[in-house]
Amino acid sequence: MTEHQDISLDWMSGTGEPHAPVDLRPEVPHPARMYDYYLGGKDNFPADREAAEKVLALSPLVRLSALANRAFLQRAVRHLAADGVKQFLDIGTGIPTAGNTHQTAQLVHPDARVAYVDNDPIVLVHSRALLAGSSRGTVTVTQADLRDPAKILADPQVRELLDLGRPVALLLFAVLHFVDDADDPYGIVRTLVDALPPGSHLALSHGTGDFVPASEAEKGPAIYRSATAQLSMRTKEQVLKFFDGLELLEPGLVTAPLWRPDTAPSATDAEVGIWAGVGRKP
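The structure presented is a predicted model; accordingly, all values stated were derived computationally and were not measured.

Student: For this particular structure, what's the right way to read the overall build of the protein?
Tutor: For the protein, the helix and strand inventory stands at eleven helices and ten strands. The 282 residues of the protein split such that 52% are buried. Considering only contacts in the protein between residues 6 or more positions apart, those separated by 24 or more positions represent 72%. Carbon and sulfur atoms form 53% of the exposed surface of the protein, whose accessible area is close to 12600 Å².

Now the structure itself:
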């Protein structure tokens, strides 16, 4: 993808209502496309790659962190599905790539239901185009903002697909660090978790500057300020607060590669800048 594109959403809405074309703004770095670049994807523009390379120049572990985060998503979803969870609310889904939530969950439960939510029309263009025709009836893609959790919970597509009277896995992978403290991220998570019944789970990952010198910790967020979203890194103690009132599953809050790894840990796994954990609502 190398050219400026305007993509119409008319055929994607599922409602028959026309939508205005979406300007992908290829000249402005976009966090979802930067993340796609870290993962080795092709849904990115030169501006995204340039900004991503600046971040990588600060820390080569950023790419490792992105890959570790993706692998954690797959392990967490696989574990939850194996534990009987068949409903997933994935907020801040980003641009789809191999091993998405619905693909992973449906390997365990072919009838697993996944409601994807993202606030960015650019992400929705990619998501709906790539998901068109797959798992029809068990997967939805909804435009809504994590900062308005009540709207997400009341969304007709979400309510039609998910039965909120039965356990749901709430997935917040690498999205809360795009929510400023002023927007009350802890209140947002409480609102979402409070709406789910006992036996539901919260799985999240969150960027951190815990493993870099304080003088370096602000350089990455400074690059994202030139993009379309801000970045708020948080400490382990701050990330743990998102699990207040939940039973944190073993091994607790750890760096993403160390959450129930499929392979033996490497020497750098303990310093990957992504905290990861899964909690159960009692």
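Student: I keep staring at the pattern of salt bridges and nothing clicks. Help me out?
Tutor: Evaluated as defined, the whole model comprises six salt bridges. Residue R234 pairs with D181 through a salt bridge whose shortest N-O separation is 2.8 Å. With R234 in the loop between helix 10 (219–224) and helix 11 (236–240) and D181 in the loop between strand 6 (169–173) and helix 8 (185–194), this pair connects stretches of sequence that are 53 residues apart. Given a relative accessible area of 55%, D181 falls into the exposed group. Within this structure, D145, R147 and D183 form a network of salt bridges that share partners.

Student: Looking at this model, I keep getting lost on helix 1 (residues 31–38). Mind explaining?
Tutor: For an α-helix, the turn length of 3.6 residues means that residues three or four places apart are oriented alike. Most of helix 1 is tucked away, with seven of its eight residues classed as buried. Taken as a whole, helix 1 has its buried residues at P31, A32, R33, M34, D36, Y37 and Y38. Downstream of helix 1 by a residue or two, G40 has a phi angle that is positive, lying close to 90°.

Student: I keep staring at the packing of aromatic side chains and nothing clicks. Help me out?
Tutor: Under the definition given, this model contains four aromatic pairs. Measuring from ring centre to ring centre gives 5.4 Å for F72 and F173, while their planes differ by 75°; the resulting arrangement is edge-to-face. Taken as a pair, F72 in helix 3 (residues 61–82) and F173 in strand 6 lie far apart in primary sequence, 101 residues in all. Ring centres of Y186 and F242 lie 4.4 Å apart, and the angle between their planes is 25°; on these two criteria the pair is classed as stacked. Placement of Y186 in helix 8 and of F242 in the loop between helix 11 and strand 8 (247–248) is noted, with a sequence separation of 56 residues between them. For Y186, a relative accessible area of 16% corresponds to the buried category. Lying across the ring of Y37, R63 places its NZ or CZ 5.2 Å from the centre. Over the ring of Y186 we find K241; its NZ or CZ atom is 4.4 Å from the centre of that ring.

Student: Help me understand the pairing of strand 3 (residues 87–91) in this model?
Tutor: Side-chain positions along a regular strand alternate between the two faces of the sheet. For strand 3, the tally of buried residues reaches five of five residues, placing the bulk of the element in the interior. The two faces of strand 3 match: Q87, L89 and I91 on one face and F88 and D90 on the other face are all buried. Looking at chain direction, strand 3 and strand 4 (residues 113–118) are connected through five bridges and run parallel. Each residue of the ladder has a partner; that of L89, found in strand 4, is A115.

Student: Would you mind going over the packing of helix 1 against helix 3 with me for this structure?
Tutor: Two measures define how a pair of helices packs: the angle their axes make with one another and the distance between the axes. Interaxial distance between helix 1 and helix 3 falls to 9 Å at its minimum, and their mutual angle equals 95°. Classified by the angle between their axes, helix 1 and helix 3 sit roughly perpendicular to one another. Across the interface between the two elements, Y35, Y37 and Y38 of helix 1 pack against V62, R63, A66, N69 and R70 of helix 3. Residue classes in the contact of helix 1 with helix 3 are distributed as five nonpolar, one polar and two charged.

Student: It is not clear to me how unusual backbone geometry should be interpreted in this structure. Could you clarify?
Tutor: Peptide bonds are trans in most cases, and residues, glycine excluded, mostly fall at negative phi. A cis amide bond links E250 to the next residue, P251, at an omega of 10°. One can find P251 in the loop between strand 8 and strand 9 (254–255). Look at D184: it is not a glycine, yet its phi comes out positive at around 60°. Structurally, D184 is set in the loop between strand 6 and helix 8. A relative accessible area of 39% means that D184 is categorised as partly exposed. In this structure, R260 takes a positive phi of about 45° despite not being glycine. Residue placement: R260 occurs in the loop between strand 9 and strand 10 (274–280).

Student: Is there a simple way to think about the nonpolar core in this case?
Tutor: Nonpolar side chains in soluble globular proteins tend to be buried together. Grouped together as the largest cluster of nonpolar side chains are 32 residues, with contacts concentrated most on L89, I91, L146, L170 and L172. Looking at this core, the elements that each hand over two or more residues are strand 3, strand 4, helix 6 (149–154), helix 7 (156–161), strand 6, helix 8 and strand 7 (201–207). Not counting the four nearest positions on each side in its chain, L146 is found in contact with I91, I152, L172, V175, L176, V179, I188 and L192.

Student: Is there a simple way to think about the packing of helix 3 against helix 4 (residues 101–108) in this case?
Tutor: Running from N to C, helix 3 and helix 4 point in directions that differ by 35°, and their axes come no closer than 9 Å. Here helix 3 runs over helix 4; the crossing is right-handed. In this structure, helix 3 contributes L73, Q74, V77, R78, A81 and A82 to the contact, and helix 4 contributes T101, T104, A105 and V108. For the contact of helix 3 with helix 4, a count of residues per class yields six nonpolar, three polar and one charged.

Rules of the game
- Residues numbered from 1 in each chain as written.
- Predicted model: local features only at pLDDT ≥ 70, side-chain atom pairs only at ≥ 80, totals over all residues.
- Heavy atoms only, no water.
- Helix = DSSP H or I, 4+ residues; strand = E, 2+ residues; numbered from the N terminus.
- Buried < 20%, exposed > 50% of the residue type's maximum accessible area, 1.4 Å probe, protein only.
- Contact = heavy atoms within 4.5 Å.
- Areas by Shrake-Rupley, 256 points an atom, 1.4 Å probe, with all protein chains shown as cover.
- Salt bridge = Lys/Arg side-chain N within 4 Å of Asp/Glu carboxyl O.
- Phe/Tyr/Trp six-rings, centres within 6.5 Å; stacked < 30°, edge-to-face > 60°.
- Lys NZ or Arg CZ within 6 Å of the ring centre and 35° of its normal.
- Pairing = 2+ DSSP bridges.
- Axes fitted to C-alpha atoms, helices over the stretch in contact; angles between N-to-C directions.
- Parallel < 35°, antiparallel > 145°, perpendicular 65-115°, else oblique.
- Nonpolar A, V, L, I, M, F, W, Y, C, P; charged D, E, K, R; others polar.
- Core = buried A, V, L, I, M, F, W, Y, C linked by side-chain atoms within 4.5 Å.
- Left-handed = near helix turned anticlockwise from the far one by under 90°.

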